[in-house]
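Residues per chain are reported as follows:
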2 protein chains.
Amino acid sequence: MKFSISKSVFLKSLTSVGRASSNHSPLPILSGIKVTVDHQGITLLASNTNITIQEIIDVSEASQLSVAETGSVVLESRYLIEAVRKLDSTLVNVEIIDGALTRISGNNAEYEINGIKGDQFPAIDLTKPDIFFTLSAYKLKEIIKQTAFACSQSEDRPIFTGVNFRADQKTLECVATDSYRLAKKTIELDNPLTFNITVPATNLNEVEKTIDDNNDVGIALSTKYIQFYVGKTLIQSRLLDGMFPDVNRLIPTDFAYELSVDTTDFIAALDRSSFLKNDGYWTVRLETSSELITIRSRSQEIGSSHEVISPIDYKGGSLKITFSGRYMIEALRSFRADVVKILFVAEMQAFILVNPNDESVVQLVLPVRTFD
Amino acid sequence: MKFSISKSVFLKSLTSVGRASSNHSPLPILSGIKVTVDHQGITLLASNTNITIQEIIDVSEASQLSVAETGSVVLESRYLIEAVRKLDSTLVNVEIIDGALTRISGNNAEYEINGIKGDQFPAIDLTKPDIFFTLSAYKLKEIIKQTAFACSQSEDRPIFTGVNFRADQKTLECVATDSYRLAKKTIELDNPLTFNITVPATNLNEVEKTIDDNNDVGIALSTKYIQFYVGKTLIQSRLLDGMFPDVNRLIPTDFAYELSVDTTDFIAALDRSSFLKNDGYWTVRLETSSELITIRSRSQEIGSSHEVISPIDYKGGSLKITFSGRYMIEALRSFRADVVKILFVAEMQAFILVNPNDESVVQLVLPVRTFD
């Protein structure tokens, strides 16, 4: 194996693929990136078995890739990236010099990095499944940003650490919940499809980081895995086992109170009390009368805060409801809208947040029981 | 106690003083800032017994300070700072409303923060000692930046966690060492003085952060503590007990090899191998002949690097010497000079770094023994 390539092109792809390598895997080889070179280009591959990223760099003017000898090698991801990043030239020369010992050189600087032979890397099935559709990068980013944050951080119920994607005809519902709050995004597909899968939120966040342009993303899925095709990059994620509960019946539809707020102002007002925590948990109490809206926080240890806010609009009578400040702020932020409408049923009932100008997203938050 | 003050002025002073408060102190009150108000101004005080910071805000146009009622209270540093930072106005109103419960309010937002009565705060002796001199902020910053990094991180020999200041007549020597390297800065004083004290490096780094202007800094010291007067701020540090060894005899004066390097290029060349560590320790081997200078690093696990560098000048014959890459880079950086001269005695002897245009700083590094 012997080739030379543009340092910036190589580094960008290595960094992207390297995110799938793991320093904590029981298989040491999975902390590496497999570099495979043929006369068409280079294929970079990394996998921690949970997520796999493959990227192809073609021979082209932009990549300045020139292949002298084909072959493959696995190099520890962080050292390979460090070596390439620090090299003193715009062109990087890579060459296997002895077994899997690989020379990486620039102008004066030269590394010899210990590698593992390419054929030692576990075979990963990257077959493209039959179910396939495309989404714009923007839409896919929006789905991930508006749902994945609401997933559970705890492994108590593993299925809740992922976002559920359920397609029925041309409707795709994307739902995340940690059982105290829920985020739901609904979009229309171009063609009718039927599937019901749950994708780990951490992997979706990696996908979100990779798609940085306005191109379409191809999505292929089976009952075993999901693939995202982003330009020359393929990201494959495992799916979570288990049945995701049907949450639609949990979302209330009749409301007695309607509060419209300026998102930025309301977040700022809430955030002012974010340090008033009890055992690390920050709750906010909202009190409405027909004229005034007050928000209060209280920490036994630290003290209290209160603020009278000016809503854009309020319909309904007197209501007192307490909720997690963090959940409320995260739900508000997810809309990226100037105005958000908060709809309440009753004091101890789940309430929802919606964007008056975009019905595709519903955020639901359960109130917190208090004793005052 | 009741006053109002410019939010930005109050916040800046609270942040500065708050650096002396401690969340880990056995005395909970030391996690607070003592706010004392009289008709001249506000005095803010915090101390973790190791370092004490006091700052005075006068009644002035800039501070917009207006005192309605004198008094004092101690408020938890991080909550006080959070509350003031997040307030929704440019003017902050502060008022004790019940015992030590303190109201902090802006426009609509209002906090009530639990405090402790001001007289509960431990009395701290801030008497100004007799030995007093002034340094320009620039010179004091330079002393700290060029020495403190070389102090020991380990408490094995506590005296080595500080910078030794030894004045004899008009010469002030500032020395730091961790016993594997040494930094020495010599400056001239305006007036003859005699003292020999050692100041914890961590406290000096706090001083360095506080002096951000071009004003003179007043320095007062006794055998118990040292004080830095920076504008309206007083920083008082305890001293380290014990005798700092005389290190001047350790610094070699006759050299067989002289290597002049471009600081930036040489640091970049060294840094290229910074990930080639053995048990977390990164060593670099320098090999010279009369024509070529080569630097090499080797890690059993990762691999190796080598690079031929072009020195600005080299005098001396063939030499092979191994040293800590981090120590070398930190010593080189301390000069903030374009060219640094490295002077060697022999392969297993301490070597020194100097700035050919400024003799005030000497950096010494001990080589590392290797077996190849």
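Since we're looking at a predicted model, the values are computed, not measured.

A.B. asks: Can you help me understand the interface of chain B and chain A in this one?
C.D. replies: The extent of an interface is frequently quoted as the accessible surface area lost upon association of the parts. Between chain B and chain A, the contact holds 29 residues from the first and 29 residues from the second. Interface area for chain B against chain A, summed over the two sides, is near 2500 Å², with a carbon-plus-sulfur share of 50%. The three residues of chain B that bury the most area against chain A are Lys86(B), Arg272(B) and Phe275(B), which together make up 25% of that side's buried surface. For the salt bridge of Asp271(B) with Lys86(A), the shortest nitrogen-to-oxygen distance reads 3.5 Å. Connecting chain B to chain A are 18 residue pairs in polar contact (both at pLDDT 80 or more). Taken together, the elements giving at least two residues each to the side of chain B that touches chain A come down to α2 (77-86), β9 (109-113) and β20 (303-309) of chain B. Ranked by residues supplied to the side of chain B that touches chain A, first place goes to β20(B) with six residues. Taken together, the residues of the side of chain B that touches chain A break down into ten nonpolar, ten polar and nine charged. Sheet analysis places strand β9 (residues 109-113) of chain A next to β20(B), joined by five bridges and oriented antiparallel. Bridged to Ile113(A) within β20(B) is Gly303(B).

A.B. asks: Sorry if this is basic, but what is going on with the domain arrangement of chain A here?
C.D. replies: Residue and element names in this part refer to chain A. What the domain assignment reports for chain A is domain 1 (2-120), domain 2 (131-248) and domain 3 (251-365). If you average the C-alpha positions of domain 1 and of domain 2, the two centres end up 30 Å apart. Contacts between the two partners involve ten residues from domain 1 and, on the opposite side, twelve residues from domain 2. Summing the contributions of domain 1 and of domain 2, the shared interface buries around 1100 Å²; its carbon and sulfur component is 40%. If you look at where domain 1 meets domain 2, you find two salt bridges. With a shortest N-O distance of 2.3 Å, Arg19 and Glu206 are connected by a salt bridge. The interface formed by domain 1 and domain 2 includes nine residue pairs in polar contact (both at pLDDT 80 or more). If you tally residues by element for the side of domain 1 that touches domain 2, the top one is strand β4 (residues 51-58), at seven residues. Of the residues belonging to the side of domain 1 that touches domain 2, the class tally is three nonpolar, four polar and three charged.

A.B. asks: Could you clarify how one ought to interpret the relation of the copies chain B and chain A in this entry?
C.D. replies: Note: a rotation about an axis with an accompanying shift along it relates these two copies of the chain. The operation relating chain B to chain A is a screw motion whose rotation component is 180 degrees, with 0.0 Å of axial translation and a residual RMSD of 0.0 Å. In the structure described here, the two chain copies are related by an operation that fits a two-fold rotation axis. Relative to the rotation axis, the C-alpha of His24(B) is the closest in chain B, positioned 16 Å from it. Take the interface residues of chain B: 100% of them recur as interface residues in chain A, which is what a same-surface contact looks like.

A.B. asks: Would you take a moment to explain helix α2 (residues 77-86) of chain A for this structure?
C.D. replies: In an α-helix, one turn spans 3.6 residues; hence positions three or four apart end up facing the same way. Along α2(A), seven of the ten residues are buried, which leaves the element largely enclosed by surrounding structure. By the burial criterion, the buried members of α2(A) are Ser77(A), Tyr79(A), Leu80(A), Ile81(A), Ala83(A), Val84(A) and Lys86(A).

A.B. asks: What am I meant to see in the sheet that holds β9(B) here?
C.D. replies: The pairing of strands in a sheet comes from backbone hydrogen bonds and takes either a parallel or an antiparallel form. A sheet is described by the order of its strands in space; here nine strands give the open sequence β22(A)-β18(A)-β19(A)-β20(A)-β9(B)-β8(B)-β7(B)-β1(B)-β5(B), paired in antiparallel fashion. Every other strand in the sheet has two partners, leaving β22 (319-324) of chain A together with β5 (66-69) of chain B as the edge strands with one partner each. Across this sheet, the average inter-strand angle for adjacent strands is 20 degrees, counted without regard to direction. Taken together, the five bridges between strand β7 (residues 91-98) of chain B and strand β8 (residues 101-105) of chain B define a ladder with antiparallel strand orientation. Among the inter-strand pairings, Val94(B) is bridged to a residue of β8(B), identified as Ile104(B).

A.B. asks: Help me understand the sheet that holds strand β11 (residues 131-136) of chain B in this model?
C.D. replies: All names here are of chain B. Here nine strands make up an open sheet; going across it, the order is β10-β6-β2-β3-β4-β16-β15-β14-β11 and the pairing antiparallel. With partners counted over all chains shown, the strands left at the sheet margins are β10 (115-117) and β11, one partner each. Averaged over all neighbouring strand pairs, the angle between strand axes comes to 20 degrees, with direction disregarded. Inspection of the sheet shows strand β2 (residues 32-37) paired to strand β6 (residues 71-76) by six bridges, in the antiparallel sense. Along β6, the bridge assignment pairs Thr36 with Ser72. This element, helix α1 (residues 7-18), spans β2, β3 (41-47), β4 (51-58) and β16 (233-238) of the sheet and lies at about 165 degrees to β4.

About the cut-offs
- Residues numbered from 1 in each chain as written.
- Chains lettered and ligands numbered in written order.
- Predicted model: local features only at pLDDT ≥ 70, side-chain atom pairs only at ≥ 80, totals over all residues.
- Heavy atoms only, no water.
- Contact = heavy atoms within 4.5 Å.
- Buried area = accessible area lost by both parts, 1.4 Å probe.
- Salt bridge = Lys/Arg side-chain N within 4 Å of Asp/Glu carboxyl O.
- Polar contact = N/O pair within 3.5 Å; in protein donor to acceptor, adjacent residues only side chain to side chain.
- Helix = DSSP H or I, 4+ residues; strand = E, 2+ residues; numbered from the N terminus.
- Nonpolar A, V, L, I, M, F, W, Y, C, P; charged D, E, K, R; others polar.
- Pairing = 2+ DSSP bridges.
- Domains from an automatic or database assignment.
- Least-squares fit on C-alpha atoms with pLDDT ≥ 70 in both.
- Buried < 20%, exposed > 50% of the residue type's maximum accessible area, 1.4 Å probe, protein only.
- Axes fitted to C-alpha atoms, helices over the stretch in contact; angles between N-to-C directions.

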